[in-house]
Every structure is written in structure tokens, then in C-alpha cells.
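Secondary and tertiary structure notes
The residues making up each chain are set out below.
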Amino acid sequence: MIQINISALPWQQFSVVLDGQNCVISLRQVAESMYCNLTCNEVDIFKGRKICNGTPINTYPSPNFKGRLMMIDTLGNSDPQYEGLNERWILVYANDGEVLNG
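First things first, this report covers the structure right here in the doc. (Residues numbered from 1 in each chain as written. Predicted model: local features only at pLDDT ≥ 70, side-chain atom pairs only at ≥ 80, totals over all residues. Heavy atoms only, no water.)

Here's the deal with the sheet that holds strand β6 (residues 68–73)
Let me state the cut-off plainly: Pairing between strands is defined by DSSP: at least two bridges between the two strands are required. Secondary structure counts use DSSP, requiring at least four H or I residues in a row for a helix and at least two E residues in a row for a strand, with both numbered from the N terminus. In this analysis an axis means a line fitted to C-alpha atoms, helices contributing only their contacting stretch, and an angle means the value between N-to-C directions, from 0 to 180 degrees.
Pairing in this open sheet of 3 strands is antiparallel, and the strands run β1-β7-β6 from one edge to the other. Lying at the two open borders of the sheet, with one neighbouring strand each, are β1 (2–4) and β6. Pairwise comparison of adjacent strand axes, ignoring direction, gives a mean angle of 40 degrees for this sheet.

Here is the structure:
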């Protein structure tokens, strides 16, 4: 499992290579909820997926993306807020052979 570096910003988009996959991840805070978009090797995997603490963001397998993404609250059990990203809330990736445990 690896931690993906993110910024404490209400909207961000960044590229990252995950298990050999070229990914673009967007995170956006809207009111009290955070949402995620994922593109892998130029294929949209999902858009507007609500992020809940300790729950895989990509809940359904995709032939175009292997592995799982999850946001974890390191200080409690709250859904993420942008002010605490990368400190209180961390974004992690696990490949298909690893277990995500929020």
C-alpha cells in the first residue's frame, strides 16, 4: 500500500503512476463532501465519486484500472475535508493483492 501525496486545497488535479498505470486524479470539495474523478491510461474510470472515510473510492472492479483507492482519517472517523488533506486524511492506493483496511 502506498500513500499518494495530496495538497490541502479544495480543488486539485494531479498525475501519478500507480502500479504501472498512468493516472490522473481530481479531488474537489463541494460543501461538506469531497468528490473524486479517476482517469487511467486516458480512460475515464469514474467521475464524481463521493469519498467516505475508510471506504474504497472505486468499489467496483474495472478492466481499465487495477487496485483500489481509499481516503483514511488518521485521527478519527470523519469524512475528508480539504483543510486536513495529507495530514489528517491521507489518500492511499493498494494493488489487487493487498487489503485496504480503513
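So, the pattern of salt bridges
Just so we agree on the cut-off: Salt bridge, as applied in this entry: a Lys or Arg side-chain nitrogen positioned within 4 Å of an Asp or Glu carboxyl oxygen. Only protein chains enter the area calculation, which uses a 1.4 Å probe; residues under 20% of their type maximum are buried, those over 50% are exposed, and those in between are partly exposed.
Summed over all chains, the structure comprises 2 salt bridges. The salt bridge partner of Lys47 is Asp44, with a shortest N-O separation of 3.7 Å. The exposed category is assigned to Lys47, whose relative accessible area is 60%. The partner of Asp73 in a salt bridge is Arg88, with the nearest N and O atoms 2.8 Å apart. Placement of Asp73 in strand β6 and of Arg88 in the loop between β6 and β7 (89–94) is noted, with a sequence separation of 15 residues between them. A relative accessible area of 6% means that Asp73 is categorised as buried. On the basis of relative accessible area, Arg88 is assigned to the partly exposed category, the value being 25%.

Distances and angles like these do not, on their own, reveal function.
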